[in-house]
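Reading the structure
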Amino acid sequence: MIEYFTQPLWSPYIAGAGIGVLSCLAFLLSDRPIGCSTAFVKARGLIGKAINPRGVAGKEYYREIVPQVDWALMIIPGIVIGAFISSFISGQFHIFLIPRMWGDAFGYNPYLRVAVALAGGIFLGFGARWAGGCTSGHGIN
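Notes on the structure follow. (Residues numbered from 1 in each chain as written. Predicted model: local features only at pLDDT ≥ 70, side-chain atom pairs only at ≥ 80, totals over all residues. Heavy atoms only, no water.)

Our focus in this paragraph is the side chain of Ser 90. Along the chain, Ser 90 falls in the loop between α6 (75-89) and α7 (100-106). Among the polar contacts listed, one links the side chain of Ser 90 to the backbone oxygen of Ser 86, at a separation of 3.0 Å. Beyond its immediate sequence surroundings of up to four residues, Ser 90 is in contact with Thr 6, Gln 7 and Pro 8. (Helix = DSSP H or I, 4+ residues; strand = E, 2+ residues; numbered from the N terminus. Polar contact = N/O pair within 3.5 Å; in protein donor to acceptor, adjacent residues only side chain to side chain. Contact = heavy atoms within 4.5 Å.)

Put into structure tokens, the structure is as follows:
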């Protein structure tokens, strides 16, 4: 069984079933779906509270989505830590500034890569909040 965790690719059926079980547990234990788009909003609210507490308290948006550290916010570091552990155990961990596929298509300029990644993240976050959650969260739940 342990050798399954060292494979570079997992069966999408088994991974999907695992996410389904996790989603059911999230609803059962907290009456909330799993997803990380709200976690980024909470993180922004926590940063805003540290800089300008009255500004965050005055926003109606943060009355609905309370900026607090909870299990939904912990999904963000969990994704990063889980991805690192998975890549390390499977022997796929590599550090590089520009992925080869990106470099071959767009060049190896790190500033362009950072600018496009930042813009993509902003658009993705805006769209996810506008739609009431990310597509993966909607698809799972």
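Together, Ile 2, Phe 5, Trp 10, Ile 81, Phe 84, Ile 85, Phe 88, Ile 89, Phe 93 and Ile 95 give the surface a local cluster of nonpolar side chains, amounting to about 1,100 Å² of exposed area. Of all elements in the fold, only α1 (2-5) and α6 reach the threshold of two or more residues within the nonpolar patch. Ranked by residue count, the leading element in the nonpolar patch is α6, at five residues. Looking at the element boundaries, Phe 93 is found in the loop between α6 and α7. (Patch = residues over 30% accessible without salt bridge, like charges linked within 9 Å, V, L, I, M, F, W, Y side chains within 5 Å. Areas by Shrake-Rupley, 256 points an atom, 1.4 Å probe, with all protein chains shown as cover. Salt bridge = Lys/Arg side-chain N within 4 Å of Asp/Glu carboxyl O.)

With that out of the way, let us pick up the packing of aromatic side chains. Per the stated rule, a full pass over the model turns up five aromatic pairs. Measuring from ring centre to ring centre gives 5.9 Å for Phe 84 and Phe 88, while their planes differ by 20°; the resulting arrangement is stacked. Of the two residues, Phe 84 and Phe 88 are both situated in helix α6; the distance of four residues between them amounts to about one turn of the helix. What makes Phe 84 partly exposed here is its relative accessible area of 42%. Of the residues examined, Phe 88 reaches a relative accessible area of 57% and is grouped as exposed. A ring pair is formed by Phe 126 and Trp 130, whose centres lie 5.6 Å apart and whose planes are at 50°; its orientation type is tilted. Taken together, the positions of Phe 126 and Trp 130, both in helix α8 (residues 110-130) and four residues apart, correspond to about one turn of that helix. (Phe/Tyr/Trp six-rings, centres within 6.5 Å; stacked < 30°, edge-to-face > 60°. Buried < 20%, exposed > 50% of the residue type's maximum accessible area, 1.4 Å probe, protein only.)

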